[in-house]
Amino acid sequence: MKKKIFATMIILTMVTTILSGLLVTGVYYKFYLSQAKTELQSAANLVIRDSALKEDDLEREDYARIFTDISRSLVYKFRVTVTSLDGEVIYDTDDQGRPLDNHSSRPEIMEAMGGESSDGMRLSQTTGKVTYYYALKLDDSVIVRFSRDLDSLWGIFSDALPLAVVAMLLVILISIPASSALVNMIIRPVNAAAKSFDQILDHTDENDTWNVDMPYEEFQPFKLKLNELKSKVDEYVHTLERERVTLDAITANMHEGLILLDSDFIIHSINKSASTMLDGHGTAQSSGVNFMKVIRDNQLISKIDQAIGSSRHSVFDYEINGLNLRFFINPIEEAGEEGEGLRSGARHRVLIIIVDMSDELRAETVRKEFSSNVSHELKTPLASIRLLADSILQNDRIDRDTAREFVSDIGEEAERLTRISEKLLTLTRMDSAVAVAEVPVDVKRVVEKVEHMLTPLADEGEVTVETDLQEDCMVLATEDDLYQIAFNLMENAVKYNLPGGSVTVTLRGAGDLVTLTVEDTGVGIPEEDLGKVFDRFYRVDKARSRAAGGTGLGLSIAREIVQRHHGTIALAPHEGPGTTIRLTLPIAQERTAS
């Protein structure tokens, strides 16, 4: 804009200078003609009045003498022609010995013959120049014509051209800095207003309007429109910002992974969940880089590439970093014909949703194993009951004692089925996560109750139960849950012990935790099975377990209850034969305070 205004001002200056020069030349030429006519007429009248031209019978030599004397006293020269009344030339100051034509046809001569002075300007037939003529009639005898050659307009312009060029150059040289200063004076407030446009982009500005003084009144409508635009832009940007914050919050807190790629595998967006799933550390959150530089798994990249190339929604499972991931490929077609692949047409994007199916697959595996174990555990007592019942029914000569023995075995198997069913119901109740009211429970009193209940079993197995229980160890739980935990741990310690063995139960409260430790001198657990003791239906010695009436669900139930009450349970280091299990629960006072 500044260059255009500057160039326009220079051009206007040059055009104005040229037009002014032409106008001045025209005015000067008009003045020059008027002045020349006036001077010639004045000189002619003076010559006629003061000379001897009015004498009679003057000859050519007389005219020559008179005008020679007159020419010495004049500042400038002019031509004089004396003709008879019939137009014959009697004398001419420019006579060079050549015969002159009759002048009766000259306009000024013809008008002077009428008795009046006459003048005119025309191209001279004698000299070939533009000439001004002034003719007078003297005493009805001769006509005296005075004439003066005039410069043409072009001649005057040509003479003045060098001066005009110098003047124009001076005007241009002066106009350049002047125009520059004037342009800066015009543009400076506009530039200042333009710099204040940053207010429109600065959406942290609390002002709702564009507070800038416009330098020119004509800009006021522009200011009003800008304020209207600023208001709309602010509203639009605030809406986008809210949507961006909402979207960022959603994607950042999604458990599922989300990746937005284009057809060239450039990452446009990736959330932390996707990064953690793919590289195991959550460090691959790199927008604008190639996906193949972030994830160096050729097989996975090949699968994603095939899904992108198909231009259809597709799903596939893939294991990476120990996780079973399910990839949902959703093409986003921004251009191109329907049915064309994502590789054709304009640049396309693809949205990848990654779902970690590890827990679901693990749960499915556990469910299948649990179903298999339940079927197996129920099948054995049922098969025994059926076999015993068939034996009784098919043997008509069975004696009474044998029949009583078979019936007793059927009762034991039925009791075993009852125990398994009760344990399964307990697990089902815990899996349903039904909330129960928790109250402070005295752990010492519950352990003593369990000890009393297990005394017959311990006496039968010749196992000694010893307790070291601290007072005032209270936890928030239900008494039934706490009883089941203690009973399962202490029952296992008694059942799987050896004759003459011992069980030591220790209860301590320290800090914000209550710790219960059950130690036995029984058969122990093989090292390779240490990680399985809390699995459902796990038994160290299945034959011994069945003989003891075990279901393999006790420790699993204990772990579920402990975890539900925000505690921990695990095997503790143990020296010699036997096993030590230690559990911790938050102390009641601490949890109530929190």
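Now for a description of the structure that goes with this document.

Cut-off values and rules
Residues numbered from 1 in each chain as written. Predicted model: local features only at pLDDT ≥ 70, side-chain atom pairs only at ≥ 80, totals over all residues. Heavy atoms only, no water. Helix = DSSP H or I, 4+ residues; strand = E, 2+ residues; numbered from the N terminus. Buried < 20%, exposed > 50% of the residue type's maximum accessible area, 1.4 Å probe, protein only. Core = buried A, V, L, I, M, F, W, Y, C linked by side-chain atoms within 4.5 Å. Contact = heavy atoms within 4.5 Å. Axes fitted to C-alpha atoms, helices over the stretch in contact; angles between N-to-C directions. Parallel < 35°, antiparallel > 145°, perpendicular 65-115°, else oblique. Left-handed = near helix turned anticlockwise from the far one by under 90°. Nonpolar A, V, L, I, M, F, W, Y, C, P; charged D, E, K, R; others polar. Polar contact = N/O pair within 3.5 Å; in protein donor to acceptor, adjacent residues only side chain to side chain. Expected span 1.5 Å × (residues − 1). 1 Å grid on protein atoms, 1.4 Å probe; cavity = no way out; pocket = protein on both sides within 12 Å on 5 of 7 lines; lining within 4 Å. Points joined across faces, edges and corners; volume = space filled by probe spheres on them. Pairing = 2+ DSSP bridges. Phe/Tyr/Trp six-rings, centres within 6.5 Å; stacked < 30°, edge-to-face > 60°. Salt bridge = Lys/Arg side-chain N within 4 Å of Asp/Glu carboxyl O.

Overview of unusual backbone geometry
Consideration 1: Residues other than glycine seldom take positive phi values, yet E462 does so here, at roughly 55 degrees.
Consideration 2: Within the fold, E462 resides in the loop between α13 (455–460) and β12 (464–469).
Consideration 3: Taking relative accessible area as the criterion, E462 reaches 54% and is therefore assigned exposed.
Consideration 4: With a phi angle near 60 degrees, D472 is a residue other than glycine that sits in the positive phi range.
Consideration 5: Within the secondary structure, D472 sits in the loop between β12 and β13 (474–477).

Quick notes on the nonpolar core
Note that soluble globular proteins tend to have their nonpolar side chains buried in a common cluster.
Consideration 1: Residues L489, M490, V505, I569 and L583 are the most contacted members of the largest nonpolar core, which totals 38 residues.
Consideration 2: Those elements that place two or more of their residues in this core are α12 (443–453), β13, α14 (479–495), β14 (502–510), β15 (513–520), α16 (554–564) and β17 (579–586).
Consideration 3: No other element matches α14, which puts seven residues into this core.
Consideration 4: When residues no more than four places from it in sequence are discounted, the contact partners of M490 are V447, V450, E451, L454, V465, V505 and V518.
Consideration 5: Of all hydrophobic cores here, the second largest spans 26 residues; its members include V80, V82, L136 and L138.

Some points on the packing of α12 against α14
Consideration 1: With their axes 9 Å apart at the nearest point, α12 and α14 run at an angle of 50 degrees to one another. Taken as axis vectors, α12 and α14 run oblique relative to one another. Here the hand of the crossing between α12 and α14 comes out right-handed. Here α12 contributes V443, R445, V446, V447, K449, V450, E451 and M453 to the contact with α14, which in turn contributes E479, L482, Y483, A486, F487 and M490.
Consideration 2: Grouping the amino acids of the contact of α12 with α14 by side-chain chemistry returns 10 nonpolar, no polar and four charged.

Structural notes on the environment of H565
Consideration 1: By the secondary structure assignment, H565 is in the loop between α16 and β16 (568–571).
Consideration 2: Look at H565 and you get buried, because its relative accessible area is 3%.
Consideration 3: Among the polar contacts listed, one links the side chain of H565 to the side chain of D481, at a separation of 3.1 Å.

Points about α14
Consideration 1: Across its 17 residues, α14 extends 23 Å between first and last C-alpha, which sits within 8% of the 24 Å expected from 1.5 Å per residue.
Consideration 2: Counting buried positions along α14 gives 12 out of 17 residues, so the element sits mostly inside the fold.
Consideration 3: Restricting attention to buried positions, one finds in α14 the residues D481, L482, Q484, I485, A486, N488, L489, M490, E491, A493, V494 and K495.

Remarks on empty space enclosed by the protein
Consideration 1: Applying the stated criterion across every chain yields a total of one cavity of 30 Å³ or more.
Consideration 2: Roughly 70 Å³ of volume is contained in the largest cavity.
Consideration 3: Taken together, V443, V446, V447, L482, I485, A486, L507, V514, T515, L516, L583 and L585 make up the full set of residues lining the largest cavity.
Consideration 4: Going through the elements one at a time, α12, α14, β15 and β17 are the ones with two or more residues in the lining of the largest cavity.

Some remarks on the sheet that holds strand β5 (residues 142–149)
Consideration 1: Strand order across the open sheet formed by five strands is β2-β1-β5-β4-β3, with antiparallel pairing between neighbours. This sheet does not close on itself; its edge strands, each paired only once, are β2 (89–92) and β3 (118–123). When the angles between neighbouring strand axes are averaged without regard to direction, this sheet yields 20 degrees.
Consideration 2: Bridge count for strand β1 (residues 79–84) against β2 is three bridges, and the pairing is antiparallel. Its bridge partner being in β2, V82 is matched across the sheet by Y91.

Here's the deal with the pairing of strand β8 (residues 314–320)
Consideration 1: Sheet topology note: the β8/strand β9 (residues 323–332) ladder contains seven bridges and is antiparallel. Bridging from a neighbouring strand, V315 pairs with F328 of β9.

Here's the deal with the side chain of T580
Consideration 1: Considering the arrangement of structural elements, one finds T580 in strand β17.
Consideration 2: With residues near it in sequence (within four places) discarded, T580 still touches T517, V518, E519, A570, L571, A572, P573 and H574.

Remarks on the packing of aromatic side chains
The description of two aromatic rings rests on the distance between their centres and on the angle between their planes.
Consideration 1: Going through the model one piece at a time under the given rule, you end up with two aromatic pairs.
Consideration 2: On the basis of an interplanar angle of 10 degrees and a centroid distance of 5.0 Å, the ring pair of F316 and F327 is categorised as stacked. In this pair, F316 sits in strand β8 while F327 sits in strand β9, placing the two residues 11 residues apart along the sequence.
Consideration 3: Between Y483 and F487, the ring centres sit 5.8 Å apart and the planes meet at 20 degrees, which makes this aromatic pair stacked. One end of the pair, Y483, and the other, F487, are both in helix α14, four residues apart, so they sit about a helical turn from each other.
Consideration 4: On the basis of relative accessible area, Y483 is assigned to the partly exposed category, the value being 21%.

Digging into the sheet that holds β16
Consideration 1: If you walk across this open sheet you meet the five strands as β12-β14-β15-β17-β16, and the pairing is mixed. Both edges of this open sheet fall to β12 and β16, since each of them pairs with a single strand only. Averaged over neighbouring strand pairs, the angle between their axes works out to 10 degrees when direction is ignored.
Consideration 2: Of the pairings in the sheet, the one linking β14 to β15 comprises eight bridges and is antiparallel in character. Each residue of the ladder has a partner; that of L507, found in β15, is L516.

A word on the pairing of β14
Consideration 1: Strand direction decides the pairing type here: β12 and β14, joined by six bridges, are parallel. Bridge assignment links E466 to a residue of β14, and that residue is T504.
Consideration 2: Where β14 folds back onto β15 in an antiparallel hairpin, the turn is made up of two residues, including G511, whose phi is positive at roughly 65 degrees.

Focus: the pattern of salt bridges
Consideration 1: All chains considered together, the criterion is met by 14 salt bridges.
Consideration 2: A salt bridge links E108 to R122; the shortest N-O distance between them is 2.8 Å. In this pair, E108 is assigned in helix α3 (residues 107–113) and R122 in strand β3, connecting sequence segments 14 residues apart.
Consideration 3: By relative accessible area, which is 18% here, R122 ends up buried.
Consideration 4: R445 is the partner of E479 in a salt bridge, and the nearest nitrogen-oxygen pair spans 3.1 Å. Residue E479 is found in helix α14, and its partner R445 is found in helix α12; the two are separated by 34 residues along the sequence.
Consideration 5: Through salt bridges with shared partners, a single ionic network connects E108, R122 and R145.

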